[in-house]
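Structural features, examined
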Amino acid sequence: MQKKAIITSALPYSNGEIHLGHVASTYLPADVTTRFLKQNGVEAYYICASDDFGTPILIQSEKEGKRPEEYVAYWNKRDYDDFTALNIAFDFFYKTSSQENIEFVQYVFKKLQEAGLIYESEIVQFYCNNDKKFLPDRYVIGSCPYCKAEEQYSDLCEKCGRVPEEIDNPHCSLCGQTPVKEKTNHYFFKLKNLSEQLSEYLDNAQYLQKDVKKYVQNWIKSGLIDWDITRDISWGVPIPGSSEQVFYGWFDNHLAYISSSIKFLNDKGINGKEFWNSADIYHFIGKDIVYHHFLFLPAMRIGIGKEYKLPDYIPTRGHLTLQAKKISKSRNWYIGLKEFLNHYPADYLRFYLIVINPYSQDDINFDWDDFETKINSELIDNLGNFVNRALGFTTKSFDGKIPNSDELDQLDIDAQDKIKNFSKDVGTLMEQNHLDRALKKILEFSAYFNKYFQHKEPWKKQKGTNTCVFLSVNAVKSLSIALYPFIPESAQKIWSQLGLSGDVSEQSWKSISDMTINSGYHLGTSSPLFAKVKSSDIQVHKEKLGKQN
Ligand SMILES: [Zn+2]
Ligand SMILES: [Zn+2]
């Protein structure tokens, strides 16, 4: 662990609302990790930006009769607000259409050109004589040559998931006319030339997931192809010297990780470039953009002479399915983040999506019944119950004042050891990105103390009651700090019920294992932390999802 870190997550595309699928693979794991690093004294910053350019945004803004600038400004704010409601705490949320990013992208292009990694080539592209424009990507609709599905985009068949070389029966998505073919000059990035250096980077990057590295290495072995980085549209980072062409979105968007970080740091009076190059760099992504992050992004950084260091971690997670079916906005099979948070607290969603989410590319499933079970039995019956029991009993039987400890028996000694090892047990898993296992370790800890409390029967007021109260209250304090990265609002509630001053976020990770609540200390006021999820409500959500599909 370095003393500095920059954490980014895949940029949300400014073209529609954030749903549970987005949150599970990237934004939430990145947020939990950033909070953990900060607790460990790392100067960590979580940087994100909206991805504002590209054909889909241009088409949609034209449909809605808005200027693209206006259209993306709306989504930038809306996305940020939705994330904030889930307590995704960005240190900075910027945009790829910022002046800083535009200048940086053009600078990188110039450096790549100087390094001999860019060439021009004439290609043939669809052109609409009626609209008087080139028709890249989604501007052309037709039928898929593979599965014959109609009304598919030229750059992706949503039915069979393939990318057709050339679509059948092409027509312009704006006016419906059949386009013609025109010649145009495009810039290409020589990705192939960097194969060896990419392979070397992957070999040496010890924190990248082994299985992802392995199949990326196989792509390199089977031969990389150069990337067409030009688009004949008006909405994008302008290509220097051209008034009608812009860079392809995947050329500019990941550069906003750097340009946004540098702006944020420089504005704080920190030398941004120096910070970047001495920090651990994390890029959290979903598995659908492995190609872009394991090849394209490092290749561009290598191409400009490693002026900005390459990522140390690219935590890659699988997709979220919903009720075991693939999430699809076009088929209306999704749950918007905003909608979800109208019904349940942010911590319920954070808890559930972390506990079911391993550090791997395996897909995970959001299931309403499972959500109900996990929240009610694990978060509430286990964790909430222990906190409430320990604090409630102390309040009722000791007026909230921690008694003098008795002599420790074997059960007490074991319980004390649990607390002493707790920060390391959970911390090790966190450092390895196993957030789900870390959270399960925390649940094991509270289940252990539930049992300990049960065995000690403090309500009988026998010998040993005082020690049981002392250790249980200290275990609650440990839980509060350990839970903070996962469920920050509830962690703060526990902290306040303990009557401790300040904010739980300010406590160091190491202090999880310190027994700082001593005899004579007065607790705050305790009350139940959580309300149970009702089966009748779950039924309503399931029915609603069925109807919208
Ligand atoms: Zn198809
Ligand atoms: Zn047209």
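A brief report on the enclosed structure follows. The structure presented is a predicted model; accordingly, all values stated were derived computationally and were not measured.

1. What to know about the overall build of the protein
Secondary structure summary: the protein contains 18 helices and 17 strands in total. Its C-alpha atoms give the protein a radius of gyration of 27 Å, near enough to 24 Å, the size a compact globule of 549 residues would have. With the principal axes as the frame, the protein shows a C-alpha extent of 90 × 55 × 40 Å. The burial tally for the protein puts 57% of its 549 residues in the buried class. Residue pairs at least 24 apart in sequence account for 76% of intrachain contacts in the protein once pairs closer than 6 positions are excluded.

2. Structural notes on the coordination of the zinc ion (ligand 2)
Six octahedral donors at a metal ideally form angles of 90 or 180 degrees, and four tetrahedral donors ideally form angles of 109.5 degrees. Coordination sphere of the zinc ion (ligand 2), protein contribution only: C128 (SG), D131 (OD), C172 (SG) and C175 (SG), at 2.0 to 2.3 Å. Geometry at the zinc ion (ligand 2) is tetrahedral, judged from its four donor atoms and the angles of 100 to 117° they form at the metal. Between consecutive donor residues of the zinc ion (ligand 2), the sequence gaps follow C-x2-D-x40-C-x2-C.

3. Looking at the sheet that holds strand β3 (residues 92-95)
One open sheet accounts for five strands, arranged β3-β2-β1-β13-β14; its pairing is parallel. One side of each edge strand has no neighbouring strand; the edge strands of this open sheet are β3 and β14 (316-317). Bridge count for strand β1 (residues 4-9) against strand β2 (residues 43-50) is five bridges, and the pairing is parallel. Along β2, the bridge assignment pairs K4 with E43. Lying over the sheet, helix α8 (residues 255-267) contacts β1, β2, β3 and β13 (280-286), oriented at roughly 125° with respect to β2.

4. Digging into the layout of surface pockets
If you add up the space inside the second largest pocket, you get close to 370 Å³. By residue class, the composition of the lining of the second largest pocket is ten nonpolar, six polar and four charged.

5. Some points on the environment of V426
Relative to the elements of secondary structure, V426 occurs in helix α14 (residues 410-431). Judged by relative accessible area, V426 falls into the buried class, the value being 1%. Taking the C-alpha atoms as reference, V426 lies 35 Å from Q539; in sequence the two are 113 residues apart. In contact with V426, not counting residues within four places along its chain, are A438, K441, I442 and W509.

6. Let's talk about unusual backbone geometry
Phi is positive for N87, which is not a glycine, with a value near 60°. Among the secondary structure elements, N87 is positioned in the loop between α3 (68-85) and β3. Unlike most non-glycine residues, E151 shows phi in positive territory, near 55°. Owing to a relative accessible area of 55%, E151 belongs among the exposed residues under this scheme.

7. Comments concerning the packing of aromatic side chains
With the rule as written, the count across this model stands at 53 aromatic pairs. Residues Y215 and W219 carry aromatic rings whose centres are separated by 5.3 Å and whose planes lie at 70° to one another, so their mutual orientation is edge-to-face. In this pair, Y215 and W219 are both assigned in helix α6 (residues 210-221), four residues apart and thus about one turn of the helix distant. Accessibility expressed as a relative area gives 31% for W219, which makes it partly exposed. With a centroid separation of 5.6 Å and 80° between ring planes, the pair formed by F340 and F371 is classed as edge-to-face. Of this pair, F340 sits in helix α11 (residues 337-341) while F371 sits in helix α13 (residues 368-398), and the two are 31 residues apart along the sequence. No difference in accessibility class separates F340 from F371, as the two residues are buried. By way of ring pairs, the aromatic residues F340, Y344, Y348, Y352, F366, W368, F371 and F530 are connected into one cluster. Across from the ring centre of Y248, 3.9 Å away, lies the NZ or CZ of R231, which sits over that ring. Its guanidinium or amino end placed over the ring of Y334, K329 lies 5.7 Å from that ring's centre, counting from NZ or CZ.

8. Concerning the nonpolar core
F189, F366 and F371 are the most contacted members of the largest nonpolar core, which has 180 residues in total. Once residues lying within four places of it in the same chain are set aside, the contact partners of F371 are F340, Y344, Y348, Y352, F366, V533 and I538.

9. Here's the deal with the environment of A115
Within the element layout of this structure, A115 appears in the loop between α4 (99-114) and β4 (118-128). Linking A115 and G303, residues 188 residues apart in sequence, is a C-alpha distance of 7.0 Å.

10. Focus on the packing of α14 against helix α15 (residues 435-456)
Two numbers describe how α14 lies on α15: the axes approach to 9 Å, and their chain directions differ by 170°. In terms of axis orientation, α14 runs roughly antiparallel to α15. On the side of α14, the interface is formed by L411, D412, D414, A415, K418, I419, F422, D425, V426, L429 and M430, while α15 contributes L435, R437, A438, K441, I442, F445, Y448, F449, Y452, H455 and K456. Looking at the contact of α14 with α15 residue by residue, the classes come out as 14 nonpolar, one polar and seven charged.

11. Observations concerning the packing of α13 against α15
Each packed pair of helices is defined by two parameters, the angle between the axes and the distance between the axes. Between α13 and α15, whose axes approach to 9 Å, the crossing angle comes to 45°. The pairing of α13 with α15 is recorded here as oblique in orientation. The crossing of α13 and α15 is left-handed. Contacts between α13 and α15 involve E378, D381, N382, L383, N385, F386, R389, A390 and F393 on the former and, on the latter, I442, L443, S446, A447, F449, N450, F453 and Q454. Grouping the amino acids of the contact of α13 with α15 by side-chain chemistry returns nine nonpolar, five polar and three charged.

12. Some details on helix α2 (residues 55-63)
Of all the positions in α2, only T55, P56, I57, L58, I59 and S61 are classed as buried. On its buried face, α2 sits against α3. One or two positions beyond α2, positive phi appears at G65, with a value near 65°.

Rules behind the numbers
Residues numbered from 1 in each chain as written. Chains lettered and ligands numbered in written order. Predicted model: local features only at pLDDT ≥ 70, side-chain atom pairs only at ≥ 80, totals over all residues. Heavy atoms only, no water. Helix = DSSP H or I, 4+ residues; strand = E, 2+ residues; numbered from the N terminus. Rg over C-alpha atoms; globule rule 2.2 N^0.38 Å. Buried < 20%, exposed > 50% of the residue type's maximum accessible area, 1.4 Å probe, protein only. Contact = heavy atoms within 4.5 Å. Donors = N, O, S within 2.8 Å, 3.2 Å for Na, K, Ca; no water. Tetrahedral: all angles 85-135°; square planar, octahedral: opposite > 155°, others 65-115°. Pairing = 2+ DSSP bridges. Axes fitted to C-alpha atoms, helices over the stretch in contact; angles between N-to-C directions. 1 Å grid on protein atoms, 1.4 Å probe; cavity = no way out; pocket = protein on both sides within 12 Å on 5 of 7 lines; lining within 4 Å. Points joined across faces, edges and corners; volume = space filled by probe spheres on them. Nonpolar A, V, L, I, M, F, W, Y, C, P; charged D, E, K, R; others polar. Phe/Tyr/Trp six-rings, centres within 6.5 Å; stacked < 30°, edge-to-face > 60°. Lys NZ or Arg CZ within 6 Å of the ring centre and 35° of its normal. Core = buried A, V, L, I, M, F, W, Y, C linked by side-chain atoms within 4.5 Å. Parallel < 35°, antiparallel > 145°, perpendicular 65-115°, else oblique. Left-handed = near helix turned anticlockwise from the far one by under 90°.

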